[in-house]
Amino acid sequence: MEETDRQILTLLAADGRMSYTDLGKATGLSTSAVHQRVKRLEQRGLIKGYGATIDHEQTGLPLTAFVSIKPIDNSAPDDYPDRLAPLDQVESCWSVAGDESYILKVRVATPADLEDLLARIRAAANVSTRTTVVLSTPYENRPVT
């Protein structure tokens, strides 16, 4: 990947709403040249989308936890992401190496809601869980430079 494209990706990761004009000023390119490069980065799949950073505390979901899941029956099909997709509180699902099969990032309002969600995860996917509750988040989703 060209250095200019990498610079554009870094700038957009920090501010997805940055205008083509501002991207051009930061990279030394014309507005139309930046626009073409961004479109190519999107078409190549390097830019998968744009999103807002949400203050989950203000939306009523202040409790974040990481839930590791491990199959109870190792011969069962590995369709856990599909089984857990209907649970809106599951924000992310990562397939991992190690004792567990997946790690889920979940957001809920209260410890009681977390307890309820864990029961629903276990029932939906027939897995055991190990949970880590987040106490604070000094930073998250930092752009890679």
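Everything numeric here is computed off the predicted structure, so don't read it as measured data.

A. Unusual backbone geometry, seen in detail. Located in the positive-phi region is Asn126, a residue other than glycine, with phi close to 55 degrees. Following the sequence through the fold, Asn126 ends up in the loop between helix 5 (111-125) and strand 4 (127-133). On the basis of relative accessible area, Asn126 is assigned to the partly exposed category, the value being 40%.

B. Geometry of the nonpolar core. Judged by nonpolar contacts, the single largest core of 18 residues is most densely connected at Val67, Ile69, Leu84, Leu104, Val106, Leu114 and Ile121. No other element matches helix 5, which puts five residues into this core. What Leu84 contacts, discounting residues up to four positions off in sequence, is Ile69, Val90, Leu104, Ile121, Ala124 and Ala125. Counting residues in hydrophobic clusters, the runner-up holds eight residues, among them Ile8, Leu12, Leu23 and Val38.

C. Quick look at helix 5. Here helix 5 contains 15 residues, and its C-alpha end-to-end distance of 21 Å stays within 8% of the 21 Å for a straight helix at 1.5 Å per residue. All of the buried residues in helix 5 are Leu114, Leu117, Leu118, Ile121 and Ala125. Seen along its axis, helix 5 keeps its buried residues to an arc of 105 degrees; they face one direction. Opposite the buried face of helix 5, by more than 90 degrees, sit the exposed residues Ala112, Glu115 and Ala123. Residues of helix 5 that are buried in the fold lie against strand 1 (63-71), helix 4 (80-84), strand 3 (102-108) and strand 4. One or two residues past the end of helix 5 sits Asn126, with phi positive at roughly 55 degrees.

D. Spotlight on the side chain of Arg107. Take Arg107: it is sitting in strand 3. At 3.2 Å, the side chain of Arg107 forms a polar contact with the side chain of His56. A distance of 2.7 Å separates polar atoms of two side chains, one belonging to Arg107 and the other to Thr64. Excluding residues that lie within four positions of it along the chain, Arg107 makes contacts with His56, Leu61, Leu63, Thr64, Gln89, Glu91 and Glu140.

E. Spotlight on the pairing of strand 2 (residues 90-95). With five bridges joining them, strand 2 and strand 3 adopt antiparallel strand pairing. Residue pairing for strand 3: Cys93 is matched across the bridge by Leu104. Here strand 2 folds back onto strand 3 in antiparallel fashion, the turn holding six residues, of which Gly98 has a positive phi close to 125 degrees.

About the thresholds
- Residues numbered from 1 in each chain as written.
- Predicted model: local features only at pLDDT ≥ 70, side-chain atom pairs only at ≥ 80, totals over all residues.
- Heavy atoms only, no water.
- Helix = DSSP H or I, 4+ residues; strand = E, 2+ residues; numbered from the N terminus.
- Buried < 20%, exposed > 50% of the residue type's maximum accessible area, 1.4 Å probe, protein only.
- Core = buried A, V, L, I, M, F, W, Y, C linked by side-chain atoms within 4.5 Å.
- Contact = heavy atoms within 4.5 Å.
- Expected span 1.5 Å × (residues − 1).
- Arc of directions from axis to C-beta.
- Polar contact = N/O pair within 3.5 Å; in protein donor to acceptor, adjacent residues only side chain to side chain.
- Pairing = 2+ DSSP bridges.

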